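Spelled out from the first residue to the last, the chains are:
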Amino acid sequence: MQKRYDNLLLIYYSGTGNSKQVSEWIVKEAQNRGMKTHIASFHQFNPENTADFKGNTLIGFFSATHGFNMPHSMLAFLVRFSILKGSDVFIGNTRAGIKLSKLFLPGLSGIAMYFPALIMLFKGYKIRAMYPVDLPSNWISIHPGLRKKVIISMMVHYEKLTTKFAAQLFSGKRVFLKSFLLLPLDLLVMPLAFGYYFVGRFIIAKTFIANTNCNNCGLCMEQCPTRSIILQDNRPYWKFTCESCMKCMNYCPERAIETAHSMVFLLLFILITLVNPYLSAKMTEIVAVWFNHSQIAFESLYFVVRWSATIAFFFTGYKLLHYLMRFPGINKIITYTTLTTWKFWRRYRIPRAGNLVSAHPKGV
Ligand SMILES: Cc1cc2nc3c(=O)[nH]c(=O)nc-3n(C[C@H](O)[C@H](O)[C@H](O)COP(=O)(O)O)c2cc1C
Ligand code: SF4
Ligand code: SF4
């Protein structure tokens with residue numbers, strides 16, 4: 001039988017390992033079929049590693065979902081990607097699934113696959129599949145990690161489905177059904193995807209702090225895929241480029257990284273009760289003089305000014321907080337007023353097992 005593909009190039013964006021794990025399942029299936037494979041994280045990919053690829057190549061991009069979209073640095077990578085032009089491509093994402101009793105429920109992709117697929121299509125690649133995989137959410141800033149038993153059972157379930165998907169793809173089938181099942185909801189959340197991309201991600205980047213457990217081991221700085229943590233005043237400081245992939249927070253060996261919930265609530269309170277009403281009054285005055293009380297002019301101007309001010313406000317608030325955290329008393333107050341510090345607020349780790357299906361106690 002003639003092989004549809006000779007090679008598989010798989011590039012992933014993964015903070016806490018879900019998308020990397022799914023990519024590895026797909027690569028394993030490709031290797032079982034005798035395909036030559038190369039797998040790499042987007043930030044470590046070297047095109048020279050595919051120089052010995054001969055024949056038909058299938059290229060896959062698998063990524064975490066952030067704010068109903070593909071994370072910015074992976075999108076930027078796709079825009080720059082230019083090797084093996086004209087090849088077949090598939091786009092995949094992992095998203096926050098949940099398990100209720102025996103039911104596996106999906107997360108929501110928004111434009112996390114449609115948009116990258118469009119980018120690659122415009123660049124001259126052929127889209128063969130789009131496929132979402134619903135693994136446990138790693139967004140520990142907003143909820144505690146799932147229990148290990150639930151995580152393993154989700155992994156086992158989705159390893160089987162992913163392998164089946166890979167088999168269909170490699171045998172030449174186009175696979176799109178699952179990616180379009182939630183299309184109406186995906187379209188509904190599209191404005192949120194833009195909101196997250198242009199504002200939300202910058203605010204969330206400014207919510208991470210290191211508590212007094214931090215011993216400056218440097219691991220978070222070394223391993224951040226976007227190099228977004230620097231040492232400032234001898235303590236980790238998060239830059240705007242942080243994409244909240246959650247790697248640092250979930251893998252800090254001292255459990256020293258927290259989300260500063262109390263600071264977030266305080267800043268939001270000041271914004272809503274003082275800053276926004278002040279800006280609204282100022283914009284009303286300006287629009288009255290320059291735009292003859294035009295409602296559209298007011299809405300547009302206020303929208304831009306309010307969200308720019310929000311980002312600037314969080315930046316300033318975070319700088320101040322980082323300075324104040326040098327005082328042990330303040331550090332303790334901030335630490336104990338974040339939910340992430342408490343034991344019940346689990347971190348998210350995927351189980352370390354090569355083949356989760358065979359590793360499962362029931363062998364399912
Ligand atoms: C900042 C952030 C935003 C997220 N947004 C979404 C989302 O819009 N939809 C969704 O289903 N899951 C969302 N998630 C969950 C992750 O996409 C999901 O847990 C993914 O499997 C993580 O993959 P990784 O371990 O490869 O980084 C989000 C997680 C984070 C940290
Ligand atoms: S990994 Fe944890 S302990 Fe090490 S520098 Fe980062 S925050 Fe500090
Ligand atoms: S700073 Fe942490 S959360 Fe942000 S991108 Fe780097 S590893 Fe991910």
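Sequence order as written defines the numbering, with residues in each chain counted from 1. Each chain is given a letter, starting from A, and each ligand a number, starting from 1, according to the order in which they appear as written. The model is predicted, so local features are restricted to residues of pLDDT at least 70 and side-chain atom pairs to those at 80 or more, both for listing and for counting; the totals for chains, interfaces and linings are taken over all residues.

Caption draft 1: Looking closely at the overall build of the protein chain. Along its length, the protein chain carries 13 helices and ten strands. Expected size for 364 residues packed as a compact globule is a radius of gyration near 21 Å; at 23 Å, the protein chain falls within 12% of this value. With respect to the principal axes defined by its C-alpha atoms, the protein chain has extents near 75 × 55 × 45 Å. For the protein chain, buried positions account for 38% of its 364 residues. Whether two residues are in contact is decided by their C-beta atoms, placed from the backbone, lying within 7 Å. In the protein chain, the proportion of contacts linking residues at least 24 apart, taken out of those at least 6 apart, comes to 78%. Secondary structure elements are taken from DSSP: a helix is a run of H or I of four residues or more, a strand is a run of E of two residues or more, and numbering for both begins at the N terminus. Taken over C-alpha atoms, the radius of gyration is set against a globule rule of 2.2 Å times the number of residues to the power 0.38. Buried residues are those with 20 or more other C-beta atoms within 10 Å of their own C-beta, exposed residues have 12 or fewer, and partly exposed residues lie in between; C-beta atoms are placed from the backbone.

Caption draft 2: Expanded view of helix α11 (residues 295-324). With 30 residues, α11 should cover 44 Å at 1.5 Å per step; its first-to-last C-alpha distance of 42 Å lies within 8% of that length. Among the residues of α11, Thr310, Phe314 and Tyr318 are the ones counted as buried. Those residues of α11 hidden inside the fold are in contact with α7 (190-205) and α10 (261-290). In a helix, the anticipated span is given by 1.5 Å times the number of residues less one.

Caption draft 3: Molecular detail of the site of ligand 3. The full set close to ligand 3 counts 13 residues, and Cys224, Cys242, Cys245, Lys247 and Cys248 are the nearest of them. By residue class, the composition of the shell around ligand 3 is seven nonpolar, four polar and two charged. Contact assignment follows one rule, namely that a residue is near a molecule or strand if its backbone-placed C-beta atom lies within 6 Å of it. Residues are sorted three ways: Asp, Glu, Lys and Arg are charged, Ala, Val, Leu, Ile, Met, Phe, Trp, Tyr, Cys and Pro are nonpolar, and all the rest, Gly among them, are polar.

Caption draft 4: Highlighting the site of ligand 1. Looking at ligand 1, there are 24 residues lining it, with Gly15, Asn18, Ala64, Arg95 and Gly107 nearest. Of all the elements in the fold, those that place two or more residues in the shell around ligand 1 are α1 (18-32) and β4 (88-100). Looking at side-chain class alone, the shell around ligand 1 contains eight nonpolar, 15 polar and one charged residues.

Caption draft 5: Summary view of unusual backbone geometry. We note that Asp233 has phi near 50°; this positive angle belongs to a residue other than glycine. Note that Asp233 resides in the loop between β8 (229-232) and β9 (235-238). Residues other than glycine seldom take positive phi values, yet Asn292 does so here, at roughly 50°. Tracing the chain through its elements places Asn292 in the loop between α10 and α11.

Caption draft 6: The pairing of strand β1 (residues 7-13), seen in detail. Counting buried positions along β1 yields seven of seven residues, so the element is predominantly enclosed. Two strands form a pair only when DSSP identifies at least two bridges running between them. Relative to strand β2 (residues 36-41), β1 is paired through six bridges, and the arrangement is parallel. Within β2, the position partnered with Tyr12 by the bridge is Ser41. As for the winding sense of the linkage, the β-α-β connection from β1 through α1 to β2 is right-handed. Whether a crossover is right-handed depends on one test, that the path from the first strand over the helix to the second runs clockwise when the strands point away from the viewer.

Caption draft 7: Focus on the domain arrangement of the protein chain. Either an automatic procedure or a domain database provided the assignment from which the domain bounds are taken. As far as domains go, the protein chain holds domain 1 (7-182) and domain 2 (261-337). When each unit is reduced to the centre of its C-alpha atoms, the spacing between domain 1 and domain 2 is 37 Å.

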